[in-house]
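# Coordinate inspection notes
Next come the chains, spelled out residue by residue.
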Amino acid sequence: PTPKARLAQARAFYELRLMDRAQVRLRDLTEVDAVRLEALVVLAESHIHRGWPSKAKKPLETALGLAPADPRLPV
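Along each chain, numbering runs from 1 in the same order as the chain's sequence is written. Local features in this predicted model are restricted to residues of pLDDT 70 or higher, and side-chain atom pairs are both shown and tallied only at a pLDDT of 80 or more, whereas totals for entire chains, interfaces and linings draw on every residue. The basis for every side-chain value is the complete set of heavy atoms in the structure, and neither hydrogens nor water enter the calculation.

### A few points about the overall build of the protein
Basically, it comes down to this: Helix and strand assignments follow DSSP, with helices taken as H or I runs no shorter than four residues and strands as E runs no shorter than two, numbered in order from the N terminus. As defined in this context, the radius of gyration uses C-alpha atoms, and a globule is described by 2.2 Å times the residue total to the power 0.38. Categorising residues by exposure relies on relative accessible area from a 1.4 Å probe, with only protein chains included: less than 20% of the type maximum marks a residue as buried, more than 50% marks it as exposed, and the intermediate range marks it as partly exposed. Using a 1.4 Å probe, the Shrake-Rupley method yields the accessible areas, and only the shown protein chains count as cover for residues. His is not counted, nor are the chain ends, whereas Lys and Arg count as positive and Asp and Glu as negative. Note on charges: their place is set at NZ of Lys, CZ of Arg, CG of Asp or CD of Glu.
Each helix and strand counted, the protein has four helices and zero strands in total. What you see in the protein, going N to C, is helices and strands ordered as α-α-α-α. Against the compact-globule benchmark of 11 Å for 75 residues, the protein has a radius of gyration of 11 Å, which places it among compact chains. Taken along the three principal axes of its C-alpha coordinates, the protein extends 30 × 30 × 20 Å. Classification of the 75 residues of the protein by burial places 35% in the buried group. In the structure as shown, the protein presents an accessible area of about 4800 Å², 57% of it carried by carbon and sulfur atoms. Each charge class in the protein was averaged separately, 13 positive and 9 negative side chains, and the resulting centres sit 4 Å apart.

### A short note on the nonpolar core
So the rule is basically this: Among the buried residues, those of types Ala, Val, Leu, Ile, Met, Phe, Trp, Tyr and Cys that are joined through side-chain atoms within 4.5 Å form a nonpolar core. Two residues form a contact once any of their heavy atoms are found within 4.5 Å.
Among the nonpolar cores identified, the biggest contains twelve residues, and these are Leu7, Ala10, Phe13, Tyr14, Met19, Ala22, Leu26, Leu29, Val35, Ala39, Val42 and Leu43. Among the secondary structure elements, those contributing two or more residues to this core are α1 (3-15), α2 (19-29) and α3 (36-49). Those residues within four positions of Leu26 in sequence are excluded, and the remaining contacts are Leu7, Ala10, Ala39, Val42, Leu43 and Ser46.

### Comments concerning the side chain of Ser46
Here is the rule we go by: In protein, a polar contact requires one atom able to donate a hydrogen and another able to accept it; more generally it is a pair of N or O atoms within 3.5 Å, and residues adjacent in sequence count only if both atoms are side-chain atoms.
Among the secondary structure elements, Ser46 is positioned in helix α3. A distance of 3.1 Å separates polar atoms of two side chains, one belonging to Ser46 and the other to Gln23. Engagement of the side chain of Ser46 in a polar contact is seen with the backbone oxygen of Leu43, the distance being 2.8 Å.

As far as function goes, none of this settles anything; it's purely spatial.
Here you go:
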């Protein structure tokens, strides 16, 4: 599947609260330029949802480095 299709699958897993499956897909997608920012945002959200804010720090910092003005990211 294309990176966008894999991202959609990861989002679906996230929405179904199948966090382990979502995170496996998202980690792979953080290396794909076409969907990297979106994958980092969803990965950070999933870490926060699981109660792991310290794990969300790295994907958020990377996302802020890519797009500091993105409204989905904390300032």
